[in-house]
Amino acid sequence: MELHGVGVGRGVAVGRVLTMPEPLPEPAEQRHGGDATAEKAAVESAVAAAAAELQERAGRADGAGREVIEAAIQMAQDPMLADDVSARIDAGSTGERAVFEAFRSFQDQLIALGGYMAERAADLGDVSQRIIAQLRGVPVPGVPESDTPFVLMARDLAPADTALLDLNKVLGLITRDGGPTSHTAILARSKSIPAIVGVGADASIDEGTRVVLDAASGVVTVDPTDAQVADAEARIAERAAQAAAPITDGALADGTKVPLLANLGSPKDAANAVELGAEGVGLFRTEFLFLDAQTAPTVEDQQAQYIELLKHFPGKKVVVRALDAGADKPLSFLNDAHEENPALGLRGLRALRAKIQILHDQLQALKNAQDVTDADLWVMAPMVADAEETQFFVEYGKNLGLHTVGVMAEVPSLAVVADQVVQLSDFVSIGTNDLTQYTLAADRMLGTVAAYQDPWHPAVLRLVKLLGDAGAGAGKPVGICGEAAADPQLAVVLVGLGATTLSMTPAALADVRAELATVTLEQAQAKAVAALAATTAAGAREAAAAA
Ligand code: PEP
Ligand code: MG
């Protein structure tokens, strides 16, 4: 039997499945015995105990893990939620039921907001389970304990659990729910744990059954044959050998240089990227620094962060993106109006033009950082639609004294007029995540249309070719900074289509570096030609492999 889902990374795992316990059953709609004060006191101490337990877990977690647990602790103690719970107890609900309902109502609000906020709803559900477990005096649902390594199967992992996964024990992850941007996926990627998410709500595997998990193809083989296990083990050994190989700069087999850069969301991640061989930064997502900010960050605040980042890359290229707010990444100080279709709304450069002082301050902060560090700073705008917007942004940046200013290609219209854009811009960076979403008209956060979100689609590849050809004609660099660059086979095709650099999550650098070294530029171009002629994404993948 096989299960199919969305693979995270390229890893392979072989092991026996342990399943995470199902969530606690919903508390009954009972009324309390009349002592509201006692119910409230019990809830209060349960919240405190849950927060203390999370705090203890946060202390054992690292980096990204600690941040998500700390966010969960804040949610557990949110005063608005506490007021809602109290009001429900006053109206007669038991403490358990009041906690359940108040959290569910808050979760529903987050889900209605969609995108990034909807994904935080799972974190809130986890916090409510912890409080209810405290009230019931039962163990908190969590990662199963085992003396031997295992593949963990769960509905969807809560942040507190993923953050604490013992890498020596968890060989791989399978989740029934969750998409490529769920916590499970983000943390699996950052910890290089092979994972397959979204295998379907009804999927189940008997406890202790052996599986082969192949993240590259998104397939879980349940009860594999000995030959399948041997094949998987050979691939695991091959990957280990690759990871141990000395880190070299990105290059094709014929010596053609393809600089491999990192996608980063915080200066704190820079040291790890350098360690993994990043030759610079191809995408610094500045909006990640300010997701929780209520007011626009000052020039000084921003400057300090940019300087911290740039100091890690003396003499190296660092591409910083202006705030990309809206849709899945709303910033309250930039996007305050309700929109029916936020992905098609006032996001990216459009939002910045509507609040020009914010753009001005950010570019000023970047210019100040450029002047006091030795990195080669490039600045680009997100969600740029055409030549007029390109001209606006490039001129604005240059007038403030920025040396190298460019645009992201994420909206199909920009690719269609690529010949005009490259005359105006110093460089173009292709954001394949959004370019795919807009080309196929499929919301990148929506599980039901996830099959459309495939950058192998020939329509997306043809737009990349338009951009690559235009860049080559004008002598302007055209990089890739979407997730597509992290898929080694696709990375080869993208280079064949004219990409001059590839930027990705640092954990993917080793796989892409190894794959690039196996082909010449001529071979990469032949694969690209084959993929462009296909009629489906799957066909393009096959055609490129066969070429
Ligand atoms: C993209 O759209 O491909 C991209 C790199 O930007 P983000 O994922 O941050 O929207
Ligand atoms: Mg984008």
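Scroll up to find the structure.
No experiment lies behind these values; they were computed from the predicted model shown.

(A) The arrangement of the sheet that holds strand β2 (residues 6-8) in detail. Read across the sheet, eight strands follow the order β1-β8-β7-β3-β4-β5-β6-β2 without closing on themselves; strand pairing throughout is mixed. Each end of this open sheet is capped by a strand with a single partner; those strands are β1 (2-4) and β2. Neighbouring strand axes in the sheet, compared pairwise and without regard to direction, differ in orientation by 30 degrees on average. Against the sheet, helix α8 (residues 226-244) contacts β3 (12-19), β7 (210-214) and β8 (219-222), and its axis sits at roughly 115 degrees relative to β3.

(B) Representation of the site of ligand 1. Among the 14 residues in the neighbourhood of ligand 1, the closest are listed as Arg-285, Arg-321, Lys-329, Glu-410 and Asn-433. Within the contact set of ligand 1, an oxygen atom lies 2.7 Å away from a side-chain nitrogen or oxygen of Arg-285. Taking 290 Å² as the accessible area of ligand 1 by itself, protein coverage stands at 99%. Contributing elements (two or more residues each) for the shell around ligand 1: β10 (280-285) and α16 (432-439). With three residues, the single largest contributor to the shell around ligand 1 is α16.

(C) A look at the coordination of the magnesium ion (ligand 2). Those protein atoms acting as donors to the magnesium ion (ligand 2) are Glu-410 (OE) and Asp-434 (OD), and they sit at 1.9 to 2.0 Å. Separated by 24 residues along the polypeptide, Glu-410 in the loop between β13 (404-409) and α14 (412-416) and Asp-434 in helix α16 bring together distant segments of the chain. Judged by relative accessible area, which is 2%, Glu-410 ranks as buried.

(D) Seen up close, unusual backbone geometry. The residue Met-383 is not glycine, and still its phi comes out positive at about 55 degrees. Locating Met-383 in the fold gives a position in the loop between β12 (376-381) and α13 (387-399). Of note, the phi angle at Ala-441 is positive, near 50 degrees, even though the residue is not glycine. Locating Ala-441 in the fold gives a position in the loop between α16 and α17 (458-474). Residue Ala-441 is classed as exposed on the basis of its relative accessible area of 71%.

About the cut-offs
Residues numbered from 1 in each chain as written. Chains lettered and ligands numbered in written order. Predicted model: local features only at pLDDT ≥ 70, side-chain atom pairs only at ≥ 80, totals over all residues. Heavy atoms only, no water. Pairing = 2+ DSSP bridges. Helix = DSSP H or I, 4+ residues; strand = E, 2+ residues; numbered from the N terminus. Axes fitted to C-alpha atoms, helices over the stretch in contact; angles between N-to-C directions. Contact = heavy atoms within 4.5 Å. Near = heavy atom within 4 Å. Polar contact = N/O pair within 3.5 Å; in protein donor to acceptor, adjacent residues only side chain to side chain. Areas by Shrake-Rupley, 256 points an atom, 1.4 Å probe, with all protein chains shown as cover. Donors = N, O, S within 2.8 Å, 3.2 Å for Na, K, Ca; no water. Buried < 20%, exposed > 50% of the residue type's maximum accessible area, 1.4 Å probe, protein only.

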